[in-house]
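# Chains, contacts and geometry: an overview
One-letter residues, chain by chain:
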Amino acid sequence: MEFTEKTLSTRRIHEGRIINLREDTIELPEGRTGKREIVEHKGAVCIVPVLPDKRVIMVRQFRKPCEESLLEIPAGGLEKGEDPADCARRELREETNQATGNMTHLFSCFLAPGYSTELIHCYLAEDLREEAGTPDEDENLNVEIYELEELLAMCDDGRIKDAKTIAALGMLYRRNNF
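Residues numbered from 1 in each chain as written. Predicted model: local features only at pLDDT ≥ 70, side-chain atom pairs only at ≥ 80, totals over all residues. Heavy atoms only, no water.

With that settled, consider the nonpolar core. Counting residues in each nonpolar core, the largest one holds 24 residues, and the members touching the most others are Val-48, Val-56, Met-58, Leu-151, Ile-160 and Leu-169. At the level of elements, strand 4 (44-49), strand 5 (56-63), strand 8 (98-110), strand 9 (119-130), helix 2 (148-157) and helix 3 (163-176) are the ones that each hand at least two residues to this core. Broken down by element, the residue count for this core peaks at 5 residues, all from helix 2. In contact with Leu-151, other than residues within four places in its own chain, are Val-56, Met-58, Leu-71, Tyr-146, Ile-160 and Leu-169. (Core = buried A, V, L, I, M, F, W, Y, C linked by side-chain atoms within 4.5 Å. Buried < 20%, exposed > 50% of the residue type's maximum accessible area, 1.4 Å probe, protein only. Helix = DSSP H or I, 4+ residues; strand = E, 2+ residues; numbered from the N terminus. Contact = heavy atoms within 4.5 Å.)

Take unusual backbone geometry next. Positive phi values are uncommon outside glycine, yet Asn-97 reaches one of about 60°. Looking at the element boundaries, Asn-97 is found in the loop between helix 1 (84-96) and strand 8. Phi at Asp-127 takes a positive value of approximately 50°, unusual for a residue other than glycine. Counting through the fold element by element, Asp-127 comes out in strand 9.

Moving on: the packing of helix 2 against helix 3. Look at helix 2 against helix 3: their axes get within 10 Å of each other, and the N-to-C directions meet at 135°. Between helix 2 and helix 3, the angle falls in the class oblique. The chirality of how helix 2 crosses helix 3 is left-handed. Taking contact as the criterion, the partners of Leu-148, Glu-149, Leu-151, Leu-152 and Cys-155 in helix 2 are, on helix 3, Ile-166, Leu-169, Leu-172 and Tyr-173. For the contact of helix 2 with helix 3, the class distribution of residues is 8 nonpolar, no polar and 1 charged. (Axes fitted to C-alpha atoms, helices over the stretch in contact; angles between N-to-C directions. Parallel < 35°, antiparallel > 145°, perpendicular 65-115°, else oblique. Left-handed = near helix turned anticlockwise from the far one by under 90°. Nonpolar A, V, L, I, M, F, W, Y, C, P; charged D, E, K, R; others polar.)

A few words now on helix 1. Every α-helical turn comprises 3.6 residues, leaving residues that sit three or four positions apart pointing alike. If you check helix 1, its first and last C-alpha atoms are 18 Å apart, about what 13 residues at 1.5 Å a residue would give, namely 18 Å. For helix 1, the buried fraction is high: 10 of the 13 residues fall into the buried class. Looking at helix 1, one finds that the buried residues are Pro-84, Ala-85, Cys-87, Ala-88, Arg-90, Glu-91, Leu-92, Glu-94, Glu-95 and Thr-96. Residues of helix 1 that are buried make contact with strand 4, strand 5, strand 7 (75-77), strand 8, strand 9 and strand 10 (141-146). Put simply, Asp-83 is the residue that caps the front of helix 1, since its side-chain oxygen is 3.1 Å from the backbone nitrogen of Ala-85. (Expected span 1.5 Å × (residues − 1). Polar contact = N/O pair within 3.5 Å; in protein donor to acceptor, adjacent residues only side chain to side chain.)

Shown next as structure tokens:
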């Protein structure tokens, strides 16, 4: 069986600053039709900033959709045509006042492929140095620093609920055999 869906028509529902929403009418492989609501997103980056002593820089910020303050790795949206590595460097400065001398791509993944096009690129940032950044006007966050083992325990007990953060910390653990 072929696992593809042919788009028969698209209806634009919303055009926004961060996301767009469309509804596609599709044809399934066996000929039936269906509907798919799709959130279009230009993509994002996330960064795992690791200090020389192996502690990890995190950010805590209020997330309105969740109605709570979440502990996360730094992250941000791509600008149109922006290289993900350049975006990661920019977001690292903006959110943590750090620059990196060594950045490694860890992985790229779709955050919610059942309804969104958002692809996030995750980077490991090492050889950090302080460098002033300018945070986004509508962002309020606190920078916090933790041992990786403590962060992994927070993932286990539910204090960290952010998917990209959980995945990135797991990859860091696996990569470095902490």
